[in-house]
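Structural description and commentary
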Amino acid sequence: MTNIPAARASVIAQLIAESEELEERMASLQDGDEPRRRDVSSVRTDYRAWHSRASRVLPSDLRTRFDEQREGSMLKPGIDRFLSEPWTESVLKAPDGSFPLGQRWQYPFNNVRSRLEKQRSLLADAEPEESPAALVAADLANVLRRLPDFLHVLQQRRPDWPIGEALKDERELQVLVEALLRTLFDDVRPEDYTPSRAGANSRVDFVLPEVGVIVETKMTRESMSAKKLGEELLIDAGRYPAHPNCEAIVAYVYDPDKRLQNPRGIERDLTQTTGTGISFFCVIS
């Protein structure tokens, strides 16, 4: 499977994982001998870059609290102070070289650990409730939206390839969509079936089992009204979750003659989370 689109951990989940790695590296700065300056500089640079990326995904109210953990205060120094002087020994060091309070460092990592955990907690609070399959489906919907642009370029550059004109019905559209899907995913299964209901199976156009996404294609026609299209897609949204590989659904509607008067409104009305918790994306182009 290629990377666009691809099942992936969310941006926030990735940031949380990176924070845990940074925590280990910070802890090592106060283990044993004084760390090499380039090790300290490397951790400091990587943390600041991480903090900048993490701040951008947070809403303003959480961002303020997030930044407080880095900056700290005069009485409670933050992560930046630790990274500036991780090897500075406590001012309470006794003349004999011991530390009466049992704490060698002026800015101990144990205080920083709780601040890193607080930052991860703030990131987790901002995590959208989207499954990996829903993220793939959203990416795929955006790719399919550009299908007419793809056809337009081919027609413009090679008028002797009447690909767009050759798309007369949904069967021909499915050939084009399948070719596109196979450039993005390793496992594309056309014309699969959902489990039987009341003695009848429902056919789905394409199943992408490696990412848990079902793709349904439709092409507008003279007899298809916006109401009829909506009814058909709502039926699909209700029955396709029965398929064992269905974690999200993308319904692509090809409308070359611009028969639908309000395509963006139809998309908004039909894109939803079904009663079974499955994300359903409708895209019209």
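Residues numbered from 1 in each chain as written. Predicted model: local features only at pLDDT ≥ 70, side-chain atom pairs only at ≥ 80, totals over all residues. Heavy atoms only, no water.

Concerning the overall build of the protein
As a reminder of what qualifies: Under the DSSP-based scheme used, a helix requires at least four consecutive residues in state H or I and a strand at least two consecutive residues in state E, with every element numbered from the N terminus. Only protein chains enter the accessibility calculation, which uses a 1.4 Å probe; a residue is then buried when its area is under 20% of its type maximum, exposed when over 50%, and partly exposed in between. Computed with a 1.4 Å probe, the accessible areas rest on the Shrake-Rupley method; for each residue, only the protein chains presented here act as cover.
Along the backbone of the protein there are 11 helices and six strands. Looking at the protein as a whole, 42% of its 285 residues qualify as buried. Total accessible area computed for the protein in this model is approximately 15800 Å², and 49% of it derives from carbon and sulfur atoms.

Section: the packing of aromatic side chains
In plain terms, the rule: Ring geometry is summarised as follows: Phe, Tyr and Trp rings, the Trp one being its six-membered ring, pair when their centres sit within 6.5 Å, and such pairs are stacked at plane angles under 30 degrees, edge-to-face over 60 and tilted between the two.
Going through the model one piece at a time under the given rule, you end up with three aromatic pairs. When the ring of Trp50 is compared with that of Phe66, the centres are 5.7 Å apart and the planes differ by 40°; the resulting orientation is tilted. Of the two residues, Trp50 is situated in helix H2 (residues 37–56) and Phe66 in helix H3 (residues 60–71); the sequence distance between them amounts to 16 residues. Just as Trp50 is buried, Phe66 falls in that class too.

Concerning the nonpolar core
Convention followed: Definition of nonpolar core: a set of buried residues of the types Ala, Val, Leu, Ile, Met, Phe, Trp, Tyr and Cys, connected through side-chain atoms within 4.5 Å. The contact definition used throughout considers only heavy atoms, calling two residues in contact when any of these lie within 4.5 Å.
Counting residues in each nonpolar core, the largest one holds 29 residues, and the members touching the most others are Leu140, Leu181, Phe185, Leu208 and Val213. Counting only elements with at least two residues in this core, the list comes to helix H6 (132–145), helix H7 (147–157), helix H9 (170–184), strand E2 (203–208), strand E3 (213–219), strand E4 (248–254) and strand E6 (279–284). Ranked by residue count, the leading element in this core is H6, at seven residues. Those residues in contact with Val213, other than ones at most four positions away along the chain, are Ala133, Val136, Ala137, Phe206, Val207, Leu208, Asn245, Ala248 and Val250. Among the nonpolar cores identified, the runner-up in size contains 23 residues, and Val43, Phe82, Leu83 and Val112 belong to it.

Considerations on the pairing of E6
As a reminder of what qualifies: Strands qualify as paired when DSSP identifies two bridges or more between them.
Taking burial as the measure, the six residues of E6 include six buried ones, the bulk of the element. The two faces of E6 match: Ser279, Phe281 and Val283 on one face and Phe280, Cys282 and Ile284 on the other face are all buried. Sheet analysis places E4 next to E6, joined by six bridges and oriented parallel. Following the sheet pairing, Val250 is matched in E6 by Phe281. Alignment of strand E5 (residues 272–273) against E6, held across two bridges, turns out to be antiparallel. Considered in E6, the bridge of Thr273 is made with Ser279.

Thoughts on H7
Here is the rule we go by: Arc definition: it is the arc formed by the directions from the helix axis to the C-beta atoms.
Within H7 the residues assigned to the buried category are Leu147, Leu151 and Gln155. Buried residues of H7 fall within an arc of 65° about the axis and therefore sit on the same side. The exposed set on the far side of H7, more than 90 degrees from its buried face, consists of Gln156 and Arg157.

So, the environment of Asp39
Residue position: Asp39 is located in helix H2. Sequence-wise, Asp39 and Leu29 are 10 residues apart; in three dimensions their C-alpha atoms are separated by 8.0 Å.

A look at the packing of H2 against H3
Selection rule: Simply put, an axis is a line fit to the C-alpha atoms, just over the touching stretch for a helix, and the angle between two N-to-C directions goes from 0 to 180 degrees. Note on terminology: angles under 35 degrees are roughly parallel, angles over 145 are roughly antiparallel, angles of 65 to 115 are roughly perpendicular, and the others are oblique.
Interaxial distance between H2 and H3 falls to 10 Å at its minimum, and their mutual angle equals 170°. Here H3 runs roughly antiparallel to H2, going by the angle between their axes. Together, Tyr47, Trp50, His51, Ala54 and Ser55 of H2 and Arg63, Phe66, Asp67 and Arg70 of H3 make up the contact between the two elements.

A few points about the pairing of E2
Of all six residues in E2, five are buried, a share of seventy percent or more. Inspection of the sheet shows E2 paired to E3 by three bridges, in the antiparallel sense. If you follow Val207 over to E3, its bridge partner there is Ile214. Counted between consecutive antiparallel strands, the loop separating E2 from E3 contains four residues, among which Gly212 sits at a positive phi close to 75°.

Thoughts on the environment of Leu233
Mapped onto the elements, Leu233 comes out in helix H10 (residues 226–239). For Leu233, a relative accessible area of 1% translates into the label buried. Placed 49 residues apart in sequence, Leu233 and Cys282 show a C-alpha to C-alpha distance of 8.5 Å. In contact with Leu233, other than residues within four places in its own chain, are Lys218, Ala251, Val253, Leu270, Phe280 and Cys282.

Remarks on H3
Residues that lie three or four places apart on an α-helix share one face, since the helix turns once every 3.6 residues. Short version of the rule: A helix is expected to reach a length of 1.5 Å times the quantity of its residues less one.
Its 12 residues place the ends of H3 16 Å apart at the C-alpha level, agreeing with the 16 Å of an ideal helix rising 1.5 Å per residue. Buried within H3 we find Leu62, Phe66, Asp67 and Gln69. Buried positions in H3, seen along its axis, are confined to an arc of 150° and lie on one side of it. For H3, the secondary structure elements touched by its buried residues are H2, helix H4 (79–84) and helix H5 (109–125).

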